[in-house]
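Each chain, letter by letter, is given below.
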Amino acid sequence: MVELKNMRNIGISAHIDSGKTTLTERILYYCNKIHAIHDVHGKDGVGATMDFMDLEKERGITIQSAATNVRWEDDEINIIDTPGHVDFTIEVERALRVLDGAILVLDSVAGVQSQSITVDRQMKRYHVPRLAFVNKCDRAGANPYRVKQHLIEKLGLNAVLMQIPIGLEDKLAGVVDLVEMKAYYFDAGADGIHKRVAEIPAELLDEAKQKRDEMLDGVSLCDDDLMEAMLEEKVTTEVIKKAVRKATIALKLCPVFMGSAYKDKGIEPLMDAVVDYLPDPTQVTNKALDLDNNEKEVILQSNEEMPSVALAFKLEDGQYGQLTYIRVYQGRIKKGDELYNTRSRKKFRVGRLVKMHADKMEDLNDAGCGEIAALFGIDCASGDTFCDPKLNYSMTSMYVPDPVIELAIEPVDKKSSDNMGKALNRFLKEDPTFHSYVDPESGQTIIAGMGELHLDVYIERMKREYNAIVTTGQPEVAYREAITQRAEFNYTHKKQTGGSGQYARVAGYMEPIPDPAEGEERKDYEFVDEIKGGAIPNEFIPSCDKGFQAAIKKGAQIGFPVMGVRCVINDGAWHPVDSSDIAFQTAAIGAFREGFAKAKPCIMEPIMKVEMTAPTEFQGNMFAAINQRRGVIISSTEDHNMSTVDAEVPLAEMFGFSTVLRSLTQGKGEFTMELAKYGRVPQSVAEDLKAKYIEQRKAEHKEK
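### Some words on the overall build of the protein
Within the protein, the secondary structure is distributed over 16 helices and 37 strands. The burial tally for the protein puts 54% of its 704 residues in the buried class. Considering only contacts in the protein between residues 6 or more positions apart, those separated by 24 or more positions represent 71%. Just so you have it, the protein exposes about 32,000 Å², and 48% of that area is on carbon and sulfur atoms. Between the centroid of the 87 positive side chains of the protein and the centroid of its 111 negative side chains there is a distance of 4 Å.

Right, dumping it as structure tokens:
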């Protein structure tokens, strides 16, 4: 059993294509977890160990975070490799929620990119200490010094170089360790590349001394003991390492390492740094809320003797049923133990307990504090807390961003329809950022997610894993119809058949309901009864109301509901035998249609309140994007080097906007939108909508 001080839980996060999965592959190799290195893009037909889904191998990207664990000398390290695409941001979010430390991988040429900013924001949200690894130092144009400046300027981190490169680009031979003041070379041998320790080359000695002084200054600002040792000239390797570890865990420092994962350079020193500078489970404060005591905060102890507490942070449907990834925070979970799910308030027994290595698993008898394991066959949701039945604790759940893009999907046949239902149920359970609902107006099945790639992957998975073939299209915009002036109606419904007939007359007027005052709710329909002298008997007044309500469900222009209309009846006629509830309902529908045609009807469209955020340099691009979409800019604010633009844009113009915004802002822009109000459609758009509706009616008529 590994002692807690010898355990590390780390995540590997970065922007797309910075080399996270390649780095993880090398770590697995150097820790003897795998015996051959495979390429991410699967050129050798195998693909990287952690990208085990077929889709990941084909596209050469990470879609799901994958967990593994390795041993590095005497230490056990649990690693989660996370995706870089903003579309799969929830995978990073839930990994960082349960990890104690992270490696932020950066491209030596591109430096801090959009997703690096997002990942850094997520690390700060969960107070995760991190090391930075400047990867791809063998690329043309590599400049780790510039990347370090980026970390300071763009992310506001106290970044300190712990190494300097020996040669760069195609001459990259190794790194100089500024703590030990030794040179590490990475030489190819018969069985792979190994670290060789040597003296610092003479031409780099002055630079190494200068950079070491800079490093000591940077660290000593966060640690008084090191400052004291420097004044007394008693700086030892142990004192530096202790100071760097303390400052990194306190989030006051970000040590920067460098190398090239693809060329196997700099991996071993990085693994040593993970052990030396990132926290073990006892050095991280984890809190839970005591549900029996007014949600009072409780600090969880990394103590195996105490009652157990674990968090289910990710669900996956495997070939053996639902797999629930858990992180144990307190106590020890054994096979056969009874646990309590504090959300569903149900108890369950731990059946099979496993440790994951990508898609392979190894059975466990128990899992202790700080461990990441998985359970089988547990009915739960992502973010549930499992406790010893004696406790009733809940851990704070993770932040789930709102979806930004929607697609309408339609199964091609009955079989696909059944399978689509099964697939949607599973995906909704697995991924909190994936939403699905049936639009009550259009009857379309709508799926919503974080981006086009996100939804593409789910549509592809439906096809492959469930044999559900669907066609996709834009969701229908929920238009409305309205009237712009008062109009009178006087409609008589007469129908003579054998026996008693139908007779009813309804007269009055309709008018638009004025816009509500601020804070008041908008009314879509109002019914006013001004009948005097029993022109329509009291028992038939509700029938008129029912008829009007039925009529507003479908307007005459494009078949969408009518909003903001007040119907007033002030006269009518009835017949003692032929008048009935149905006759007055039918008369009210006829009266409404008559009045509606005279009241200068118009078409209204949903106007969205859109809030966009991107670096200030892209502000002009954001303005242009709004103007091209019939939008109106409401306000624009700048904070540090970020610009926020508030605008009102018609929903019909917002489809595919997430992709447009990302291309206009080099992937650094984000936006949120919500319904602000309904606004009048321009005449040209209204004519198109009416023509389309007439075509649709003709087509339906032919089918009948």
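More follows now that the structure is in view.
### A look at empty space enclosed by the protein
In total, this model carries two cavities of 30 Å³ or more according to the counting rule given. Surrounding the second largest cavity, A67, T68, N69, N78, Y325, K355, M356, I372 and A373 form its lining. Contributing elements (two or more residues each) for the lining of the second largest cavity: β2 (66–72), β19 (353–357) and β22 (372–376). A per-element tally of the lining of the second largest cavity places β2 first, with three residues. Taken together, the residues of the lining of the second largest cavity sort by class into five nonpolar, three polar and one charged.

### Looking at the sheet that holds strand β31 (residues 502–512)
Sheet architecture is open: four strands sit in the order β30-β31-β33-β32, paired in mixed fashion. The sheet is open, and its two borders are formed by β30 (487–495) and β32 (525–529), each paired with just one other strand. The sheet shows a mean angle of 25 degrees between the axes of neighbouring strands, direction not considered. Relative to β31, β30 runs antiparallel, the two being bridged by nine bridges. Within the sheet, the bridge partner assigned to K494 lies in β31 and is Y503. Contacts between helix α12 (residues 541–551) and the sheet are confined to β30, β31, β32 and β33 (565–573), with β32 contributing the most and set at about 155 degrees to the helix. Here helix α13 (residues 581–598) sits on the sheet and contacts β30, β31 and β33; the angle it forms with β30, its principal contact strand, is near 145 degrees.

### Topic: the pattern of salt bridges
Applying the stated rule across the entire model yields 35 salt bridges. Between R245 and D280 there is a salt bridge, and its shortest N-O distance comes to 3.9 Å. Of the two residues, R245 is situated in helix α8 (residues 237–249) and D280 in the loop between α9 (267–277) and β12 (286–290); the sequence distance between them amounts to 35 residues. Comparing R245 with D280, the two get one shared label, buried. For K598, the salt bridge goes to E594, with nearest N and O atoms at 3.8 Å. Residue K598 and its partner E594 are located together in helix α13, separated by four residues, close to a single helical turn. On the basis of relative accessible area, K598 is assigned to the partly exposed category, the value being 47%. One network of salt bridges, with partners in common, ties together R71, E76, K355 and E371.

### Some remarks on helix α3 (residues 89–98)
Of all 10 residues that make up α3, 10 are buried, and the element is covered over most of its length. Taken together, the buried positions of α3 are T89, I90, E91, V92, E93, R94, A95, L96, R97 and V98.

### Thoughts on helix α7 (residues 224–231)
One full turn of an α-helix is made of 3.6 residues, so residues set three or four places apart face in the same direction. If you check the start of α7, you find a side-chain oxygen 3.2 Å away from the backbone N of D225, and it comes from D223. One or two positions beyond α7, positive phi appears at E233, with a value near 55 degrees.

### Concerning the packing of aromatic side chains
Overall, the coordinates contain 13 aromatic pairs when judged by the stated rule. For the ring pair F427 and Y466, a centre distance of 6.2 Å and an interplane angle of 90 degrees mean the geometry is edge-to-face. Linking F427 in helix α10 (residues 414–430) with Y466 in helix α11 (residues 452–466), this pair joins segments that are 39 residues apart in sequence. For the pair F427 and Y466, one class covers both residues: buried. Cluster of aromatic residues (ring-pair linked, three or more members): F427, F434, Y458 and Y466. Directly above the aromatic system of Y145 lies the positively charged group of K211, at a separation of 4.6 Å from the ring centroid.

### Quick notes on the packing of α10 against α11
How two helices sit against one another is set out by the angle between their axes and by the gap between those axes. Interaxial distance between α10 and α11 falls to 10 Å at its minimum, and their mutual angle equals 125 degrees. When the axis of α10 is compared with that of α11, the two are oblique. For the crossing formed where α10 meets α11, the hand is right-handed. Across the interface between the two elements, N419, M420, K422, A423, L424, R426, F427 and E430 of α10 pack against Y458, R461, M462, E465 and Y466 of α11. A breakdown of the residues in the contact of α10 with α11 according to their chemical character gives seven nonpolar, one polar and five charged.

### As for the packing of helix α6 (residues 202–220) against α8
In contact at an axis separation of 10 Å, α6 and α8 are set at 50 degrees when each is read in the N-to-C sense. In terms of their interaxial angle, α6 and α8 are classed as oblique. Viewed along their axes, α6 and α8 form a crossing whose handedness is left-handed. Mapping the contact onto sequence places R212, M215, L216 and V219 in α6 and I240, A243 and V244 in α8. Within the contact of α6 with α8, the residues separate by chemical class into six nonpolar, no polar and one charged.

### Section: the environment of I634
Considering the arrangement of structural elements, one finds I634 in strand β35 (residues 632–639). Put simply, I634 and F348 are 286 residues apart on the chain and 53 Å apart in space, counted from C-alpha to C-alpha. Other than its neighbours up to four places away in sequence, I634 contacts D646, A647 and E648.

### Observations regarding the sheet that holds β12
Pairing is antiparallel in the open sheet, where three strands are placed in the order β13-β12-β24. Lying at the two open borders of the sheet, with one neighbouring strand each, are β13 (296–300) and β24 (393–395). When strand polarity is set aside, the average angle formed by the axes of neighbouring strands in this sheet is 45 degrees. Pairing between β12 and β13: five bridges, direction antiparallel. Bridging across to β13, L289 finds its partner in E297.

### Side note on unusual backbone geometry
Positioned with a positive phi, N467 is a non-glycine residue whose angle comes to about 55 degrees. Secondary-structure assignment places N467 in the loop between α11 and β28 (470–473). The backbone of R630 shows a phi angle near 55 degrees, a positive value even though the residue is not glycine. Here R630 is to be found in the loop between α14 (619–627) and β35. In this structure R630 comes out as partly exposed when scored by relative accessible area, which is 30%.

### Focus: the nonpolar core
Grouped together as the largest cluster of nonpolar side chains are 51 residues, with contacts concentrated most on L23, I27, I77, I103 and M215. Residue contributions to this core peak at seven residues, all from α9. Not counting residues within four places of it along the chain, the set of residues in contact with M215 comprises V160, L161, M162, L178, V179 and I240.

### Overview of a nonpolar patch on the surface
The grouping of L221, M227 and L231 at the surface amounts to a nonpolar patch, some 360 Å² of accessible area in total. Along the chain, M227 falls in helix α7. What makes M227 partly exposed here is its relative accessible area of 34%.

Procedures and definitions
Residues numbered from 1 in each chain as written. Predicted model: local features only at pLDDT ≥ 70, side-chain atom pairs only at ≥ 80, totals over all residues. Heavy atoms only, no water. Helix = DSSP H or I, 4+ residues; strand = E, 2+ residues; numbered from the N terminus. Buried < 20%, exposed > 50% of the residue type's maximum accessible area, 1.4 Å probe, protein only. Contact = heavy atoms within 4.5 Å. Areas by Shrake-Rupley, 256 points an atom, 1.4 Å probe, with all protein chains shown as cover. Lys, Arg positive; Asp, Glu negative; His and termini not counted. Charge placed at Lys NZ, Arg CZ, Asp CG, Glu CD. 1 Å grid on protein atoms, 1.4 Å probe; cavity = no way out; pocket = protein on both sides within 12 Å on 5 of 7 lines; lining within 4 Å. Points joined across faces, edges and corners; volume = space filled by probe spheres on them. Nonpolar A, V, L, I, M, F, W, Y, C, P; charged D, E, K, R; others polar. Pairing = 2+ DSSP bridges. Axes fitted to C-alpha atoms, helices over the stretch in contact; angles between N-to-C directions. Salt bridge = Lys/Arg side-chain N within 4 Å of Asp/Glu carboxyl O. Polar contact = N/O pair within 3.5 Å; in protein donor to acceptor, adjacent residues only side chain to side chain. Phe/Tyr/Trp six-rings, centres within 6.5 Å; stacked < 30°, edge-to-face > 60°. Lys NZ or Arg CZ within 6 Å of the ring centre and 35° of its normal. Parallel < 35°, antiparallel > 145°, perpendicular 65-115°, else oblique. Left-handed = near helix turned anticlockwise from the far one by under 90°. Core = buried A, V, L, I, M, F, W, Y, C linked by side-chain atoms within 4.5 Å. Patch = residues over 30% accessible without salt bridge, like charges linked within 9 Å, V, L, I, M, F, W, Y side chains within 5 Å.

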